Amino acid sequence: MKLSMKIFGDEDRSRILSFTILAVLLLVVFPLVFDIFRLNLVAKYLSLAFAAVGLVVCWGYCGILSLGQGIFWGLGGYCLAAFLKLEAAKSIALEAGTDQIKALTTVGLPDFMDWNQITELPYVWYPFKSFPLTMLCIFLVPTVIAYIIGAAIFKRRISGVYFAIITQAMCWIMEILFVTRQGWTGGINGITDLRTCLGWDIRTQLAQYLLYFLTAILLLAVIVLCQKVLSSKLGQLMIAIRDMEDRVRFSGYDVSNFKIFAFCFSAVISAIGGAMFVLNVGFMSPKLVTIGPSIYMVIFCALGGRHSLIGAVYGTLIVCFGRTFFSEQYPELWMFIMGGIFVIITVACPKGLAGLIEDYGRQSMAFLRNNLKCNKLRPHGKKKIQART
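Small disclaimer: the values here were computed from a predicted structure and weren't measured.

Turning to the overall build of the chain, a few remarks are in order. The helix and strand inventory of the chain stands at 17 helices and 2 strands. Buried residues in the chain amount to 48% of all 389 residues. Summing over all exposed atoms, the chain offers an accessible surface of approximately 20400 Å²; the carbon and sulfur share of this is 65%.

Given below as structure tokens:
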């Protein structure tokens, strides 16, 4: 209990309860209720929730609205997909006599490189021969890209809608880069046919179960880490920058450095989600790096509550489950239904679902406490009246 209070803060004990409920839901309820197909879908949704949690740090607590969060999510996914693709190419090279190996002219290279007449592994792929270097790249590549973008923008005091438009344009640039460099990235098809990770077949049902739990545990760990950061003095300073940026700057702080940190930190969190998506789904496509998925990530955060880490996870699950349900039941109308739901919730709950629950939860708790106090006082009053008579 003391450890939980240190992590989540002494002010709001309800966060501990919310975190516990989310952990039970992810680790107990979903595995018992869903079959392996639906559970794999939930794992896919949870990998997207990493980006929503990163947006809470970046947007909700530091006031930086990024419409390009899919860039970093996709970079993390592409880094791990490159490693898995090289491992798959090695396994194909050992399968002598198969139709797939007969179709290749350069055995040992990814198939899309062979189709584009590349006979040697590009130098940018060398780090992905090693699993430790791949793990380092998952953290390092998005951080470097986020730092370059953040330093170029925040040092010039560009913020608000201008920053959002620039990050959205970066999504478009990144998609064009991945599509046009077909020999290096797989082009429009992306990196597919991912089979094993360190010799472990990730396509089996047992692997899908284990990967689901790994994704859920990592997401919970990221939430704890983010809450620890946001509860510190650094988190308080980020809130001050969000609400009173000029006053913080006049106090002697370099606001741009703190914004760069928040942007890079959210990029790393998103990259972890992209890597877990590749493990759970088995492919990576440039269509997942473009503007559409990035807008959805903002919707996840806004629906759940941009000031709530746990709310962002619920927002992701609600939107993704809604998309799946309505697209299956109403394939021609589901986009209009989802759009209407988003508009209604945004108008009715500007703070998101977490803000709505927090406001009404406090009122309900205050009402219950007042009733309990009244019930405690009433019997004593009756005893006093009886004693006087």
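Further remarks concern the nonpolar core. Counting residues in hydrophobic clusters, the biggest one holds 107 residues, and the most contacted among them are Leu26, Leu46, Leu84, Ile223 and Val313. Here this core gets 17 residues from one element, more than from any other, and that element is helix 3 (residues 36-60). Excluding residues that lie within four positions of it along the chain, Val313 makes contacts with Leu22, Leu46, Ala49, Val53, Leu219 and Ile223. Counting residues in each nonpolar core, the second largest holds 6 residues, with Leu237, Ala240, Val248 and Phe258 among its members.

Time to look at helix 11 (residues 233-243). Considered for burial, the residues of helix 11 that qualify are Gly235, Leu237, Met238, Ile239, Ala240 and Ile241. Buried-residue contacts for helix 11 involve helix 3, helix 10 (205-230), helix 12 (245-250) and helix 13 (255-281).

It is the contact of helix 3 with helix 13, at a shortest axis distance of 7 Å, that shows an interaxial angle of 175 degrees. On the basis of the axis angle, helix 3 is roughly antiparallel to helix 13. In this structure, helix 3 uses Asn40, Ala43, Lys44, Ser47, Phe50, Ala51, Gly54, Val57 and Cys58 to contact helix 13, whose residues at the interface are Ala262, Phe263, Phe265, Ser266, Ile269, Ser270, Ile272, Gly273, Met276, Phe277, Asn280 and Val281. Class assignment of the residues belonging to the contact of helix 3 with helix 13 gives a composition of 13 nonpolar, 7 polar and 1 charged.

In this model, Asp193 sits at a positive phi of 60 degrees, which is unusual for a non-glycine residue. With respect to the secondary-structure elements, Asp193 resides in the loop between helix 9 (182-185) and strand 1 (196-197). Residues other than glycine seldom take positive phi values, yet Leu198 does so here, at roughly 60 degrees. Tracing the backbone shows Leu198 in the loop between strand 1 and strand 2 (200-201).

Following the criterion strictly, the structure yields 10 salt bridges and no others. Of the charged contacts in the structure, one is a salt bridge between Arg38 and Glu328, with a shortest N-O distance of 3.5 Å. Of this pair, Arg38 sits in helix 3 while Glu328 sits in helix 15 (residues 309-329), and the two are 290 residues apart along the sequence. With relative accessibility at 29%, the residue Arg38 sits in the partly exposed group. Residues Arg203 and Asp201 are paired through a salt bridge, measuring 3.1 Å at the closest nitrogen-oxygen approach. When its relative accessible area of 49% is taken as the criterion, Arg203 is described as partly exposed. Linked by salt bridges that have partners in common, Glu245, Asp246, Arg249 and Lys259 make up one network.

Next up on the list: the environment of His307. Looking at the element boundaries, His307 is found in the loop between helix 14 (291-304) and helix 15. Looking at His307, the relative accessible area reads 41%, which means it is partly exposed. Considering only alpha carbons, one finds His307 and Val57, 250 residues apart in sequence, at a separation of 8.2 Å. A polar contact of 3.4 Å, which involves the side chain of His307, links it to the backbone oxygen of Gly60.

In this section: the packing of aromatic side chains. Enumeration according to the criterion identifies 20 aromatic pairs in this entry. Ring geometry for Tyr123 versus Trp184: centroids 5.8 Å apart, planes at 85 degrees, classification edge-to-face. Of this pair, Tyr123 sits in the loop between helix 6 (111-115) and helix 7 (131-154) while Trp184 sits in helix 9; the two residues are 61 residues apart in sequence, bridging distant segments of the chain. Of the residues examined, Tyr123 reaches a relative accessible area of 59% and is grouped as exposed. Ring centres of Phe325 and Phe326 lie 5.3 Å apart, and the angle between their planes is 70 degrees; this geometry places the pair in the edge-to-face category. Here Phe325 falls in the partly exposed class, since its relative accessible area comes to 45%. Residue classification places Phe326 among the buried positions, given a relative accessible area of 16%.

Definitions and limits used
- For every chain, the first residue of its written sequence is number 1, and the numbers climb from 1 along that sequence.
- Side-chain atom pairs in this predicted model are given and counted only at pLDDT of 80 or more, local residue features only at pLDDT of at least 70, and totals for whole chains, interfaces and linings cover all residues.
- Side-chain numbers come from the whole structure's heavy atoms, not from hydrogens or water.
- Working definition: helices are DSSP H or I runs of at least four residues, strands are E runs of at least two. Numbering for both runs from the N terminus.
- For every residue, the accessible area obtained with a 1.4 Å probe (protein chains only) is divided by the maximum for its type, and the residue is called buried under 20%, exposed over 50%, and partly exposed between those limits.
- In these tables, accessible area is a Shrake-Rupley quantity obtained with a 1.4 Å probe, and a residue counts as shielded only by the protein chains included in the view.
- Among buried residues, those of type Ala, Val, Leu, Ile, Met, Phe, Trp, Tyr and Cys that are joined through side-chain atoms within 4.5 Å constitute a nonpolar core.
- It only takes one pair of heavy atoms within 4.5 Å for two residues to be counted as in contact.
- The axes used here are C-alpha line fits, helices contributing only the stretch in contact, and every angle between their N-to-C directions lies in the interval 0 to 180 degrees.
- What sets the label is the angle itself: under 35 degrees gives roughly parallel, over 145 gives roughly antiparallel, 65 to 115 gives roughly perpendicular, and the rest give oblique.
- Polarity classes work like this: nonpolar for Ala, Val, Leu, Ile, Met, Phe, Trp, Tyr, Cys and Pro, charged for Asp, Glu, Lys and Arg, and polar for all others, with Gly in that last group.
- We count a salt bridge whenever a side-chain nitrogen from Lys or Arg sits within 4 Å of a carboxyl oxygen from Asp or Glu.
- Whenever two N or O atoms come within 3.5 Å, that pair is a polar contact, provided that in protein one can donate a hydrogen and the other can accept it, and provided that, for residues adjacent in sequence, both atoms are side-chain atoms.
- Stacked, edge-to-face and tilted labels apply to pairs of Phe, Tyr and Trp rings (six-membered ring for Trp) whose centres lie within 6.5 Å, assigned for plane angles under 30 degrees, over 60, and everything in between, in that order.

Keep in mind these values describe shape, not function.
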